[in-house]
Every structure is written in C-alpha cells, then in structure tokens.
Amino acid sequence: MKRKEFIKKGILGTAAIGTTSSLISCNSEPQKDAEIPIINFNKTYEWRLTTVWGKNFPVFGESANLLAKWVSEMSNGRMNIKIFGSGELVPGYETFDAVSMGVTEMGGGCSYYWQGKKPAAVFFATIPFGMNAQQALSWLIGGDQEGMNLWKEVYKPFDLIPFVGGNTGVQMGGWFNKEINSIEDLKGLKMRIPGLAGKALEKAGGAAVNVAAGEIFTNLERGVIDATEWVGPYHDYKLGLHKAAKFYYTPGWHEAGTQLEFIVNAKAWEKLPKDLQEIIHTATLRVQAWMLAEFDAQNGLYLEKLINEEGVTLKEFPDEVLKYLKKYSKEAIDELIGSDPMAKKVYESYLKFMNRNKAWSKITEQAYYNKILDI
Ligand code: CA
C-alpha cells in the first residue's frame with residue numbers, strides 16, 4: 001500500500017469508528033472533532049536504546065538491532081530506534097540509570113544486574129534452581145500476569161516500564177579443569193560465577209570470582225580461576241573456553257533460563273501514540289520468541305562442534321552436589337529476601353507459581369523427555 005493511500009484509509013477508518021460509537025450510545029449530541037483520535041502519520045519518533053552488551057554481541061546484542069528493525073518496519077518508518085552498545089553512550093552497567101533518567105528512552109539488559117538497586121529485580125531474570133524459560137514466561141505474561149505486574153511495581157519508582165527481551169534457555173553448568181565428584185571438590189574452587197549462585201558456591205567452600213568477559217579465557221587458561229560458567233555451547237565456543245578447560249558440565253543449575261529485558265522510560269512512553277506503544281510491545285514479544293529459538297538452534301549446532309570436532313568431555317554434576325547447591329542457594333535467597341520486603345513478596349509469588357507448575361511440568365515435559373528422547 002502506498003503511503004498516501006495508507007494515510008487516507010487510516011483517517012477514514014477512525015472517522016467511521018467515531019460515527020458507529022455515537023450511534024450505539026444513542027448520543028443526540030454530535031461528536032466533536034477533538035474526540036476523534038486522528039493519528040498524524042507524518043510525525044516520526046526517534047528514540048535511543050542503550051544496552052548492557054556490545055552492539056553486535058551474538059544473540060544478546062543482535063536482539064536489540066532486530067527490535068529496532070522490526071519497530072521501524074511495523075510502523076512504516078514512523079518510529080526509529082537507534083541502538084547503542086555498552087560504552088557507546090553510557091557504560092553497560094549504567095543502562096538502568098540512563099533510561100530511568102531519560103538519557104535514552106529505552107534500554108536492553110537483564111534485571112539481575114540491578115539487584116544492587118532493588119534486590120527483588122533478580123527474580124525477573126533467574127535464580128539458582130529456578131524456573132526455565134517457558135515457566136518464567138508463563139509467570140510473567142500468562143494467566144493473570146502476576147510476574148509482570150510485580151516487575152512493573154518494582155521498576156515504577158524508577159520511572160521505568162519493563163518488557164520481556166528474550167531468554168537464553170537452560171545454560172550450561174560451566175567449564176572445569178578438574179572433575180567434580182563430590183561437594184568436597186568445590187572446596188577452594190575458584191570459579192567465575194555471579195550473583196546468588198556465587199553465594200551458594202561460597203557456602204560450599206568455593207570462591208566466587210568476578211571476571212570481565214574479555215578476561216575469562218586468559219584467567220581460566222592460566223589457572224587464575226579453576227572454573228567458569230558462561231552461557232552455552234554457542235557463546236562458550238566463541239570465547240574458546242574448550243581450549244582453556246577440560247570438562248564441560250551440565251546442567252546449568254544456576255541459570256535454568258535467564259530472562260532478559262527491555263526497559264522504557266515511563267515519560268517517553270506516555271508521549272507515544274497508542275499504536276506505536278503496541279508496536280513496541282509486539283516487537284519485544286517477537287524478540288522473546290526469536291531469542292529462545294536462536295539459542296536452541298545455535299547451541300545444538302555448536303554442541304555438535306564441541307563434541308565432534310574439539311573432543312570436549314561432557315560431564316553431569318552428581319546428584320549429591322546438586323542437592324547441596326540447592327540447599328545453599330535456598331539459604332542465599334533467604335538472606336536476600338530477609339532484608340527486603342519487596343523481594344520477599346516477589347519470591348513468594350515466584351515460588352508459588354513454580355511449585356504449582358512443577359506437577360504439570362513433571363507429567364508433560366519431563367515425562368516426554370524422559371520417555372521419548374532415548375527410546
Ligand atoms: Ca551465565
């Protein structure tokens with residue numbers, strides 16, 4: 001459709017709705033022009049979006065570029081979002097503040113980076129032994145959208161509106177330069193593993209170390225750290241981690257499905273016409289679907305490469321180790337919610353949803369995988 005026809009149809013369409021509604025309401029007063037919402041199709045909106053990742057960082061950074069492309073296409077060029085990677089406009093760790101203060105209208109990241117500002121934020125990303133991608137999304141946007149409503153409540157004081165921004169799916173347990181056969185093997189183990197999972201490792205006698213992405217390979221190769229988690233086969237391969245450690249462990253008990261986010265400055269949001277708001281909302285959901293699909297596609301391919309071409313040894317954490325880590329993770333979560341009523345409120349909702357859905361997941365997904373995958 002040509003732009004001119006599109007404009008004409010849009011205005012005619014709105015006028016027709018106005019007439020119908022006045023007939024339905026039997027309003028004898030003629031409708032005033034001001035009451036008819038006329039969309040100015042010539043007005044364009046230029047937004048800026050800053051992310052916690054590098055601009056073209058595989059999957060994560062790419063997702064912001066795709067969002068901008070889809071918003072521009074869906075709006076027929078009325079809305080354009082310029083993407084800034086970490087450090088281009090502000091450092092990645094300032095994304096939350098930048099959007100909150102309106103430096104940019106939009107941001108992309110992961111809520112667990114903001115738990116220093118709001119401990120409750122971590123539950124909208126991932127927690128050790130938490131929900132997988134499907135379950136977390138169900139808590140957020142399924143049913144009565146309890147998870148999303150809580151997320152909005154947590155971000156509201158910062159003038160931020162959260163949107164889903166993709167999910168990594170279940171991550172890998174990480175790379176280790178020695179075998180983990182019992183909980184004793186974690187004693188003294190120096191591992192790059194952040195957040196609550198890092199606290200659980202420390203309770204097991206290990207040391208959680210913070211290492212920037214660019215230094216993980218070198219630190220692992222030189223023995224500065226004994227182990228690291230990163231993401232999954234695709235990202236791990238690209239970082240060359242298989243050349244720095246021998247054993248690749250599963251499952252990613254610490255990140256069963258890390259939910260990512262887009263954040264929008266509330267004042268900028270209010271200035272958008274309703275149709276552009278819906279376009280942004282729809283584009284975020286498209287990113288959500290695309291990212292999980294992309295992760296599964298690339299991880300399957302790169303797992304094959306790691307095993308067949310690189311001779312990587314896959315290992316499973318023993319049940320005993322996972323049981324201890326679950327216990328220690330629970331202690332770390334209890335410490336977090338003990339000092340913050342909002343975090344407690346969000347965790348209670350999260351836990352209730354997870355436990356309810358456990359029974360359903362057991363007889364569907366778990367039963368399917370257990371019975372079918374190896375038959
Ligand atoms: Ca990770």
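Cut-offs applied
Residues numbered from 1 in each chain as written. Predicted model: local features only at pLDDT ≥ 70, side-chain atom pairs only at ≥ 80, totals over all residues. Heavy atoms only, no water. 1 Å grid on protein atoms, 1.4 Å probe; cavity = no way out; pocket = protein on both sides within 12 Å on 5 of 7 lines; lining within 4 Å. Points joined across faces, edges and corners; volume = space filled by probe spheres on them. Helix = DSSP H or I, 4+ residues; strand = E, 2+ residues; numbered from the N terminus. Nonpolar A, V, L, I, M, F, W, Y, C, P; charged D, E, K, R; others polar. Domains from an automatic or database assignment. Donors = N, O, S within 2.8 Å, 3.2 Å for Na, K, Ca; no water. Buried < 20%, exposed > 50% of the residue type's maximum accessible area, 1.4 Å probe, protein only. Phe/Tyr/Trp six-rings, centres within 6.5 Å; stacked < 30°, edge-to-face > 60°. Salt bridge = Lys/Arg side-chain N within 4 Å of Asp/Glu carboxyl O. Patch = residues over 30% accessible without salt bridge, like charges linked within 9 Å, V, L, I, M, F, W, Y side chains within 5 Å. Areas by Shrake-Rupley, 256 points an atom, 1.4 Å probe, with all protein chains shown as cover. Core = buried A, V, L, I, M, F, W, Y, C linked by side-chain atoms within 4.5 Å. Contact = heavy atoms within 4.5 Å. Buried area = accessible area lost by both parts, 1.4 Å probe.

(A) Structural context of the layout of surface pockets. The space that makes up the largest pocket amounts to roughly 2,000 Å³. The wall of the largest pocket is formed by 45 residues, among which G130, N132, V170, P251 and A256 lie closest to the centre. Secondary structure elements with two or more residues in the lining of the largest pocket: α4 (133-141), α10 (274-309), β11 (313-316), α11 (319-338) and α12 (341-372). For the lining of the largest pocket, the element with the most residues is α12, which contributes 11 residues. Looking at the lining of the largest pocket, its residues break down into 21 nonpolar, 16 polar and 8 charged. Looking at which domains feed residues into the lining of the largest pocket, each of domain 1 (3-26 + 37-170 + 257-296) and domain 2 (174-254 + 313-370) supplies at least three.

(B) Spatial organisation of the coordination of the calcium ion. At this site the calcium ion is bound by Q171 (OE1), E229 (OE), E229 (OE), W230 (O) and E255 (OE), with donor distances of 2.2 to 2.9 Å. All donors to the calcium ion come from one chain, and their sequence spacing reads Q-x57-E-W-x24-E. With a gap of 25 residues between them, W230 in the loop between β8 (227-228) and α8 (233-239) and E255 in the loop between β9 (247-250) and β10 (259-265) connect regions that are remote in the sequence. On the accessibility criterion, W230 (13% relative accessible area) is buried. Judged by relative accessible area, which is 5%, E255 ranks as buried.

(C) Representation of the packing of aromatic side chains in the model. Scanning all chains against the criterion turns up 24 aromatic pairs. Taking 5.7 Å as the distance between ring centres and 10° as the angle between the ring planes, the aromatic pair formed by F124 and W139 counts as stacked. Here F124, found in the loop between β3 (106-109) and α4, pairs with W139, found in helix α4; they are 15 residues apart in sequence, far enough to count as distant. Summarising the burial analysis for this pair, F124 and W139 share the class buried. Judged by centre distance (5.1 Å) and plane angle (75°), the ring pair of F176 and Y249 falls under edge-to-face. One end of the pair, F176, is in strand β5 (residues 174-176); the other, Y249, is in strand β9, with 73 residues separating them in the sequence. F176 gets classed as buried once you look at its relative accessible area, which sits at 2%.

(D) Representation of the pattern of salt bridges. Using the criterion set out here, one finds 14 salt bridges in the structure. By sharing partners, the salt bridges in this structure join K203, K327, E331 and E335 into a single network.

(E) Focus on a nonpolar patch on the surface. Residues Y368, Y369, I372 and L373 make up a contiguous nonpolar surface patch of roughly 430 Å² in combined accessible area. Here Y368 is to be found in helix α12. Overall, Y368 belongs to the partly exposed group, its relative accessible area being 48%.

(F) Broad picture of the nonpolar core. Core analysis: the biggest nonpolar cluster contains 58 residues, and F123, F124, I127, W139, Y155, W175 and V346 have the highest contact counts within it. Both domains that meet at this core, namely domain 1 (3-26 + 37-170 + 257-296) and domain 2 (174-254 + 313-370), each give it at least three residues. Judged by nonpolar contacts, the second largest core, of 26 residues, contains L49, A68, V264 and L272.

(G) Examining the domain arrangement of the protein more closely. On domain assignment, one finds that the protein holds domain 1 (3-26 + 37-170 + 257-296) and domain 2 (174-254 + 313-370). In this structure, domain 1 and domain 2 have C-alpha centres spaced 29 Å apart. Contacts between the two partners involve 26 residues from domain 1, matched on the other side by 31 residues from domain 2. Summed over both partners, the interface of domain 1 with domain 2 comes to about 2,700 Å²; 72% of that surface belongs to carbon and sulfur atoms. Three residues stand out in domain 1 for area buried against domain 2, namely F123, P128 and F129, and they jointly supply 28% of the buried area on that side.

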